[in-house]
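The primary structure of each chain is shown beneath.
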Amino acid sequence: KIKIFYSNEDLNISPAGTGAVILSGVRVYGSEISSDDSTQVTVRDGLTVTGAVVMMSSLPTSDPSNAGQLWNSSGDLKVSAG
């Protein structure tokens, strides 16, 4: 159990060597966030991306039939209706 005594303190967790920080199935390694217990990480609230580049290199190239999923149609970004 870790206690923070001052309300404005950061909680710093650093792995040893090349290890990762794992939080109940969510792995934080360097600048990556991944899941140890499934094939996706779900963000339940809004998500703001402030970086200059957003990479989506693994989009399907045909309509995946999953409502709201992005896909690449010959270079055009589309959203599946489901």
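Residues numbered from 1 in each chain as written. Predicted model: local features only at pLDDT ≥ 70, side-chain atom pairs only at ≥ 80, totals over all residues. Heavy atoms only, no water.

**Observations concerning a nonpolar patch on the surface**
Step number 1: On the surface, Val 43, Leu 47, Val 49, Val 54, Met 56 and Leu 77 cluster together into a nonpolar patch covering about 590 Å² of accessible area.
Step number 2: Assignment of secondary structure puts Leu 77 in strand β5 (residues 76-79). (Patch = residues over 30% accessible without salt bridge, like charges linked within 9 Å, V, L, I, M, F, W, Y side chains within 5 Å. Areas by Shrake-Rupley, 256 points an atom, 1.4 Å probe, with all protein chains shown as cover. Salt bridge = Lys/Arg side-chain N within 4 Å of Asp/Glu carboxyl O. Helix = DSSP H or I, 4+ residues; strand = E, 2+ residues; numbered from the N terminus.)

**What about the pattern of salt bridges?**
Step number 1: One pass over the structure, following the stated rule, counts 1 salt bridge.
Step number 2: Two residues, Asp 36 and Arg 27, come together in a salt bridge whose shortest N-O distance is 3.1 Å.
Step number 3: Judged by relative accessible area, which is 28%, Arg 27 ranks as partly exposed. (Buried < 20%, exposed > 50% of the residue type's maximum accessible area, 1.4 Å probe, protein only.)

**Examining unusual backbone geometry**
Step number 1: With a phi close to 45 degrees, Ser 24 is a non-glycine residue in the positive phi region.
Step number 2: Tracing the backbone shows Ser 24 in the loop between β1 (21-23) and β2 (26-29).
Step number 3: Relative accessible area serves as the criterion here: at 78%, Ser 24 is assigned to the exposed category.
Step number 4: Backbone geometry places Ser 65, a non-glycine residue, at a positive phi of 60 degrees.
Step number 5: In this fold, Ser 65 is placed in the loop between β3 (32-35) and β4 (70-73).

**Quick look at the layout of surface pockets**
Step number 1: There is about 430 Å³ of room inside the largest pocket.
Step number 2: In terms of lining, the largest pocket is formed by Ile 33, Thr 39, Gln 40, Val 41, Val 43, Leu 47, Val 49 and Val 54.
Step number 3: Taken together, the residues of the lining of the largest pocket sort by class into 6 nonpolar, 2 polar and no charged. (1 Å grid on protein atoms, 1.4 Å probe; cavity = no way out; pocket = protein on both sides within 12 Å on 5 of 7 lines; lining within 4 Å. Points joined across faces, edges and corners; volume = space filled by probe spheres on them. Nonpolar A, V, L, I, M, F, W, Y, C, P; charged D, E, K, R; others polar.)

**Quick word on the side chain of Ser 35**
Step number 1: Within the secondary structure layout, Ser 35 lies in strand β3.
Step number 2: A polar atom in the side chain of Ser 35 sits 2.8 Å from the side chain of Asp 37.
Step number 3: In this structure the side chain of Ser 35 is engaged in a polar contact, spanning 3.1 Å, whose partner is the side chain of Ser 38.
Step number 4: Leaving out residues up to four positions away in the same chain, Ser 35 has contacts with Gly 25, Gln 40 and Val 41. (Polar contact = N/O pair within 3.5 Å; in protein donor to acceptor, adjacent residues only side chain to side chain. Contact = heavy atoms within 4.5 Å.)

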